[in-house]
Amino acid sequence: MPLLAVSGLTKRYRRGDTLVSAADDVSFTIEPAETLALVGPSGSGKSTIARLVTRLIEPDAGTILLEGTNLRALKPSALRAMRGRLQIVFQDPLAALNPRATVGRVIEDPLKIHTRFSRGERRSRVASLLERVRLDPALASRPIHEISGGQRQRVAIARALASSPTLIVLDEAVSALDVSVRAEILQLLKRIQRETRVAYFFITHDLGVVRAMADRVAVLDGGRIVETGLASEVVSNPQSEIGKALVAAAPRLPRS
Ligand SMILES: Nc1ncnc2c1ncn2[C@@H]1O[C@H](COP(=O)(O)OP(=O)(O)OP(=O)(O)O)[C@@H](O)[C@H]1O
């Protein structure tokens, strides 16, 4: 059974008199411990699909099965419990995390929701999550706005890991970082995947990231998936027009 099975996912937005298809009959699967990348030009529907899959927005049609459970059929309380299994990390941690909250608080909050740990257990789990993302546990007392962008994204990853997810959706999660910090975070994500067998749904416009991180890739155009395949094959020999255009527009890719 796939970890995630999405089928027929459809979402339209009204713009004036017309309907814009942000997701048009989208179907794909993600296996445990796998990384699937979703690429496409600006406005092709990548963020919409990330938000549909994580149930932040409601689709017009389609099913989303996580570990065989239909997320759309769950009552709010059951969905809350399931949410821990499926986490999302956004591009801008300063917008996604409360900038005045401390690092420790940001990571501890999901533990309050998803576990029955005592206060002491939560504190020691926060310390081990900080170590997992290679941050000094002493950082727990610092407010989010005082730490660097790269450190903030590590905190966002630690927060996502707090509820022991089986799938993390990364919505342009490394796009705003400079090149060296981005490389460090990608290495970190790979190591975490080896250690925990978490799967990633990697939303990106960066084919270098696809080549470095993904097992498979789906190419999106106008809300439709126009090509899927092994990342190495699609990046070196795209079949769809939009895949060819993305590869042609990419800066020279480092060898994987
Ligand atoms: N809340 C909304 N209301 C109306 N239209 C929307 C809304 N959100 C997205 N859209 C439209 O849906 C389409 C897909 O947008 P989406 O943000 O999902 O694309 P994207 O591939 O993530 O783009 P980018 O890479 O620029 O972030 C676009 O035409 C966008 O204008």
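Since we're looking at a predicted model, the values are computed, not measured.

So, the domain arrangement of the protein chain
According to the domain assignment, the protein chain contains domain 1 (1-85 + 167-177 + 197-256) and domain 2 (92-164). Summarising the inter-unit geometry, the C-alpha centres of domain 1 and domain 2 are found 26 Å apart. Contacts between the two partners involve eight residues from domain 1, matched on the other side by eight residues from domain 2. Both faces combined, the contact of domain 1 with domain 2 buries some 570 Å², and carbon together with sulfur accounts for 63% of it.

Considerations on the nonpolar core
Ranked by internal contacts, the top residues of the largest apolar core, which has 49 residues, are Val-155, Phe-202 and Val-210. No other element matches the six residues that helix H6 (residues 149-161) contributes to this core. Three or more residues apiece are contributed to this core by two domains, here domain 1 (1-85 + 167-177 + 197-256) and domain 2 (92-164). Val-210 has contacts with Ala-37, Val-39, Thr-204, Val-217, Ala-231 and Val-235, leaving out every residue within four places of it along the chain. Counting residues in hydrophobic clusters, the runner-up holds 27 residues, among them Val-6, Leu-167, Val-169 and Ala-199.

Some points on the UniProt feature "domain: ABC transporter" (unreviewed entry) in the protein chain
The feature "domain: ABC transporter" (unreviewed entry), as annotated in UniProt, sits at residues 4-247 in this numbering. Along residues 4-247 one finds 40% helix and 27% strand; the C-alpha atoms at either end are 27 Å apart.

As for the pairing of strand S10 (residues 224-230)
Bridge count for strand S9 (residues 216-221) against S10 is six bridges, and the pairing is antiparallel. Bridge pairing in S10 links Val-217 to Gly-229. What sits between S9 and S10 in their antiparallel hairpin is a turn of two residues, with Gly-222 showing a positive phi close to 55°.

Overview of the sheet that holds strand S5 (residues 69-70)
Taken in spatial order, the four strands make up an open sheet running S2-S1-S4-S5, and their pairing is antiparallel. The sheet is open, and its two borders are formed by strand S2 (18-30) and S5, each paired with just one other strand. Note: strand S1 (residues 4-15) against strand S4 (residues 61-66), five bridges, orientation antiparallel. Counted as the bridge partner of Ala-5 is Leu-65 from S4.

Procedures and definitions
- Residues numbered from 1 in each chain as written.
- Predicted model: local features only at pLDDT ≥ 70, side-chain atom pairs only at ≥ 80, totals over all residues.
- Heavy atoms only, no water.
- Domains from an automatic or database assignment.
- Contact = heavy atoms within 4.5 Å.
- Buried area = accessible area lost by both parts, 1.4 Å probe.
- Core = buried A, V, L, I, M, F, W, Y, C linked by side-chain atoms within 4.5 Å.
- Buried < 20%, exposed > 50% of the residue type's maximum accessible area, 1.4 Å probe, protein only.
- Helix = DSSP H or I, 4+ residues; strand = E, 2+ residues; numbered from the N terminus.
- UniProt positions renumbered as here; feature names shortened; annotations may be inferred.
- Pairing = 2+ DSSP bridges.

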